[in-house]
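Spelled out, the chains give:
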Amino acid sequence: MFKNLEMLPNFSNRLQSMMDLILTNILLIGQIPAPTFSEEKRVAFFMERLIELQIDECTTDGYRNPIGIVRGKSRDKPPIFVVAHMDTPFSKDIDHNFTVKQDTISGTGLMDNSLGAGVLLSLPEIFRLLEISFDSDIVLAGVIQSIGKGNLRGIRHLLKTWSAPIRGAICIESGELGRLNYYTDGMIRCEINCTCKPVASPNSKFSPNAIVVINEVINQIQKLRLPLKPRCKVIFGTIEGGVKHGDMALEARLGLEIRSDYDELAKDVYTDIQDIVSGIEHEYDIKLILKTISHVRAARLKYNHPLVKSAVAIMETLGIKPFKEPSTSELSIFLSRKIPALTLGVTYGKKYHQTISSMQIDPMFKGIAQIVGAIMAIDSGICDESPMD
Amino acid sequence: MTAGYAMNHPWIRTNTFNYHDFGDLAALVDIKHRKGLTISLCLPTLNEEKTIAKEIVIFKSELMSRYPLLDEIVVIDSGSTDKTLEVARSYGADVFKADDILPSLEKYKGKGENLWKALYITQGDIIIYLDADIKNIHHRFVYGLLGPLLITDQIKYTKAFYDRPIASDTGKMRPTGGGRVTELVIRPLFSLFFPELTQIMQPLSGEYAGYREIFEKIPFPIGYGIETSMILDIYNQWGLDVIAQVDLERRIHRNQDTRALGKMSFAILKTFINRISAQGLIDTKGKMFDEMIQYSIVKDHIEPDIANLQGYERPPMIEIPEYQEKRNIF
């Protein structure tokens, strides 16, 4: 397990002297809109900024994920990856400018994941200030096309094309401070699209209304009996349809996720939903299509894995109370490739997915110290002794 | 009479820059040191708690810690009732209430008053004035304006221009809509009397920088007329060639309603007319009023809304005895 815990509270204090630079990075990157599939400007800024901050190497991979490398002392040790996704769930025409107050910052996309990206960008300077060097190269990757329909494409591509071994990885998310993600649920993200013909077919049971059809789909999914163990749940996340209050909706769309800690169960539920969709399509004489957007397999580190144990110790040393929960982020791709990895949150926040999302400034320094501690732990060799499986 | 000669004037080609031209901040710092200059940034405020901290944080990080271009950041406040002063102080700016500066003088409220008093408070050879309500603030706003002042010996005053999208209350961005007073008031006036000045893209932009030796020798209207007077007075005393304009690409600002713009236009017109009158270009025969009269419909009748805009101007700072004493001017 990681031994040098005693230096971490001091890191947290020293990081406060870097507040201006860290906040500046968060503000400058966060002010650039980066909806999934349109992250180019944010990527360009990330690269320019890394160069400005005199990182050892800066490049993009074939998928345009921006990557900076802080060179390590050893040529033999595999690299450690630190990643944060660059995309946010907000369109370009939303005001992305942040408001800074005495203790908080607020604005669109801040908590998913502009804060994380800004902290990633600050790491080279943070390492310099804390006078830390590593044996491994530290690969700082701002991955694109991560959330929603992005389906983690950026990180998938990056790891697929990275042929050399990877020692371990830390995924940075804006919040919540204390999150300790070391396992991922199996997840199938899908969309159900309903299209009705403008004129009712003589054989149809009702006048066609896509919203009513989608409602029926929801009702039938809710009737499914899902076990408590293994865990499984269906999350209805998005819904849209129709044009005007007084017109029958001819199109509607439902977005949902099936999550389970047992992959086969998620697949079974998906099959059940497929049957529901087919049945309703036949019954209502409309077009109803179930489409898979993303599929992530369940994977985990054991709770007694040295990386998890070290992370818990790091958090406790810094006075952070860890809480565990599954994640469906970049973590799942690392774990599925047998690379020990964690997702950590930087600070406390509110209203994560609203345009007024906000973060607390002061706890951020502990959050960053925790990330630095976790990187140091991996560099000390804890994952070399206990690789996954 | 045609203004054709203005169109052929090379100023717009030789004295128009883009902030990209000055992205090498280390080089700017080097020139600053070589010339032995000090630089002050002044942020005039009135209830800017939402934007002031962001400006201070970014400028301190990028232009003080990383590249020591700025020697001081000074906030001069007109009497904010929100947390502007508290927030600005907590992020490390030097904060002053305008009323506390040169307290023996009569007190006025207005942006121009703050800028004028900044001349007394600040130390720099170059002073940069930025509005404190810029939502998309970036350090280019400062280094862009500084660039021409540092790399040339001739340019003494720089003025910003940019796209002006407007942030609406819903958080959505509208791409156009700014610059109405420029296009409806100032540009027609410049075209009528000083066609050369039409080459200045946004004469009313609130971001400009210049040498103290210029600013201290011109009067400052206390209110909205400050940008207009500054251009006219500098043009009149030193000519167009000491002025440059810099493209800062994009500035997001709060939209103002038409009535507020009406008052702004009144002050600008008054400043302008006073100056052309003093130059003998027109004769108002002393018949100008100080009240801007607008009308509102209240219930079922029309009521006048009268604003007294006297257009008081502070004299050149160099004429103020306290200033002379502070800066050892005899």
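Treat the numbers as computed from the prediction; the structure is a model and nothing was measured.

Focus on the side chain of B:T122
Residues and elements named next belong to chain B. Within the secondary structure layout, T122 lies in the loop between α6 (111-121) and β5 (126-129). Judged by relative accessible area, T122 falls into the buried class, the value being 0%. Among the polar contacts made by the side chain of T122, one reaches the main-chain carbonyl oxygen of A118 at a distance of 2.7 Å.

A few points about the domain arrangement of chain A
All names here are of chain A. Partitioning chain A into domains gives domain 1 (5-184 + 298-385) and domain 2 (186-296). A straight line from the C-alpha centre of domain 1 to that of domain 2 covers 35 Å. Note on domain 1 versus domain 2: buried area summed over both sides is about 890 Å², and carbon and sulfur give 49% of it. Among the residues domain 1 hides against domain 2, the three largest losses belong to K149, A298 and T328. Together they make up 54% of the total. Joining domain 1 to domain 2, the criterion identifies one salt bridge. Two residues, K149 and E191, come together in a salt bridge whose shortest N-O distance is 3.3 Å. Summed over the shared surface of domain 1 and domain 2, the result is six residue pairs in polar contact (both at pLDDT 80 or more). The residue makeup of the side of domain 1 that touches domain 2, split by class, is four nonpolar, five polar and two charged.

Regarding the sheet that holds strand β5 (residues 104-106) of chain A
Think of a sheet as strands paired side by side through backbone hydrogen bonds, with each pair either parallel or antiparallel. All names here are of chain A. Judged by pairing direction, the sheet is antiparallel, and its four strands sit side by side in the order β4-β5-β18-β17 without closing on themselves. The open sheet has two edge strands, β4 (99-100) and β17 (349-350), and neither has a second partner. Most of the contacts of helix α4 (residues 110-129) go to strand β18 (residues 358-360), to which it runs at about 50 degrees, and overall it touches β5, β17 and β18.

What about the packing of aromatic side chains?
All names here are of chain A. For the structure shown, the criterion picks out 16 aromatic pairs over all chains. Summarising the aromatic geometry, the rings of F81 and W162 are spaced 4.8 Å apart at their centres and angled 90 degrees between planes, so their arrangement reads as edge-to-face. Within this pair, whereas F81 is found in strand β3 (residues 80-85), its partner W162 is found in the loop between α5 (153-161) and β7 (168-173), the two being separated by 81 residues in sequence. One Lys or Arg, R300, reaches over the ring of Y183 and ends 4.7 Å from the middle of that ring.

Focus on the pattern of salt bridges
Oppositely charged side chains are able to pair whenever their charged atoms sit close together. Residue and element names in this part refer to chain A. As enumerated under the stated definition, the model contains 39 salt bridges over all chains in all. Among the ionic pairs, R71 bridges to E57, the shortest N-O distance being 2.3 Å. Here E57 lies in strand β1 (residues 57-60) and R71 lies in the loop between β2 (66-70) and β3, a separation of 14 residues in the sequence. Measuring nitrogen to oxygen at the nearest pair gives 2.6 Å for the salt bridge that ties R189 to E257.

Things to note about the pairing of strand β16 (residues 341-345) of chain A
All names here are of chain A. Among the five residues of β16, five are classified as buried, and the element is accordingly described as predominantly covered. Alternating positions in β16 separate into two faces, A341, T343 and G345 on one and L342 and L344 on the other, with burial throughout. Sheet topology note: the strand β8 (residues 179-181)/β16 ladder contains two bridges and is antiparallel. Bridged to L180 within β16 is L344.

Quick notes on the confidence of the model for chain B
With 92% of its residues at a pLDDT of at least 70, chain B reaches an overall mean of 91. Across residues 174-178 of chain B, where pLDDT falls below 50, the model places 11 contacts with residues more than four positions away in sequence or in other chains.

Let's talk about the packing of helix α10 (residues 226-238) of chain B against helix α11 (residues 258-278) of chain B
All names here are of chain B. Where α10 meets α11, the closest approach of the two axes is 9 Å, and the angle between their N-to-C directions is 20 degrees. Between α10 and α11, the angle is such that the two are roughly parallel. α10 and α11 meet at a crossing whose hand is right-handed. Two secondary-structure elements touch here, α10 through T228, S229, L232 and D233 and α11 through I268, T271, F272 and R275. Tallied by class, the residues present in the contact of α10 with α11 amount to three nonpolar, three polar and two charged.

Topic: the interface of chain B and chain A
Counting from both sides, the interface comprises 25 residues of chain B and, opposite them, 21 residues of chain A. The largest contributions to the chain B side of the interface with chain A come from B:K54, B:R66 and B:Y91, which together make up 27% of the buried area. Counting every contact that joins chain B to chain A gives 10 residue pairs in polar contact (both at pLDDT 80 or more). When residues of the side of chain B that touches chain A are traced back to their parent elements, those giving at least two are α4 (52-66) and α5 (84-90) of chain B. When residues in the side of chain B that touches chain A are grouped by element, the largest group, eight residues, is from α4(B). In terms of residue class, the side of chain B that touches chain A is built from 10 nonpolar, six polar and nine charged.

Regarding the sheet that holds β3(A)
Residues and elements named next belong to chain A. Here we have eight strands laid out as an open sheet, ordered β1-β2-β6-β3-β7-β16-β8-β15, and mixed in their pairing. Taken across any chain shown, the strands that pair with only one partner, and hence form the sheet edges, are β1 and β15 (323-324). With four bridges joining them, β3 and β7 adopt parallel strand pairing. Opposite F81, over in β7, you have A169 as the bridge partner. Along the sheet, helix α3 (residues 40-52) makes contact with β1, β2 and β6 (138-143), crossing β2 at roughly 20 degrees.

A look at unusual backbone geometry
Leave glycine aside and you will find that most residues have negative phi; peptide bonds, for their part, are mostly trans. Residue and element names in this part refer to chain A. Here the amide bond leading from D112 into N113 is cis, since omega sits at 10 degrees, within 30 degrees of zero. Tracing the sequence through the fold places N113 in helix α4. Cis geometry marks the peptide bond from K229 to P230; its omega dihedral reads -5 degrees. Here P230 is to be found in the loop between α6 (210-222) and β11 (232-241). With a phi angle near 80 degrees, F37 is a residue other than glycine that sits in the positive phi range. Positive phi, close to 60 degrees, is recorded for Q54, a residue that is not glycine. As for its placement among the helices and strands, Q54 is situated in the loop between α3 and β1.

Some points on a nonpolar patch on the surface
Residues and elements named next belong to chain B. Nonpolar side chains collect at one region of the surface, where I293, Y295, I297, I302 and I306 lie side by side and expose about 560 Å² of accessible area between them. Where the nonpolar patch is concerned, the elements lending two or more residues are β13 (291-298) and β14 (301-308). Per-element accounting of the nonpolar patch gives the leading share, three residues, to β13.

Parameters and conventions
- Residues numbered from 1 in each chain as written.
- Chains lettered and ligands numbered in written order.
- Predicted model: local features only at pLDDT ≥ 70, side-chain atom pairs only at ≥ 80, totals over all residues.
- Heavy atoms only, no water.
- Helix = DSSP H or I, 4+ residues; strand = E, 2+ residues; numbered from the N terminus.
- Buried < 20%, exposed > 50% of the residue type's maximum accessible area, 1.4 Å probe, protein only.
- Polar contact = N/O pair within 3.5 Å; in protein donor to acceptor, adjacent residues only side chain to side chain.
- Domains from an automatic or database assignment.
- Buried area = accessible area lost by both parts, 1.4 Å probe.
- Salt bridge = Lys/Arg side-chain N within 4 Å of Asp/Glu carboxyl O.
- Nonpolar A, V, L, I, M, F, W, Y, C, P; charged D, E, K, R; others polar.
- Pairing = 2+ DSSP bridges.
- Contact = heavy atoms within 4.5 Å.
- Axes fitted to C-alpha atoms, helices over the stretch in contact; angles between N-to-C directions.
- Phe/Tyr/Trp six-rings, centres within 6.5 Å; stacked < 30°, edge-to-face > 60°.
- Lys NZ or Arg CZ within 6 Å of the ring centre and 35° of its normal.
- pLDDT = per-residue confidence, 0-100.
- Parallel < 35°, antiparallel > 145°, perpendicular 65-115°, else oblique.
- Left-handed = near helix turned anticlockwise from the far one by under 90°.
- Patch = residues over 30% accessible without salt bridge, like charges linked within 9 Å, V, L, I, M, F, W, Y side chains within 5 Å.
- Areas by Shrake-Rupley, 256 points an atom, 1.4 Å probe, with all protein chains shown as cover.

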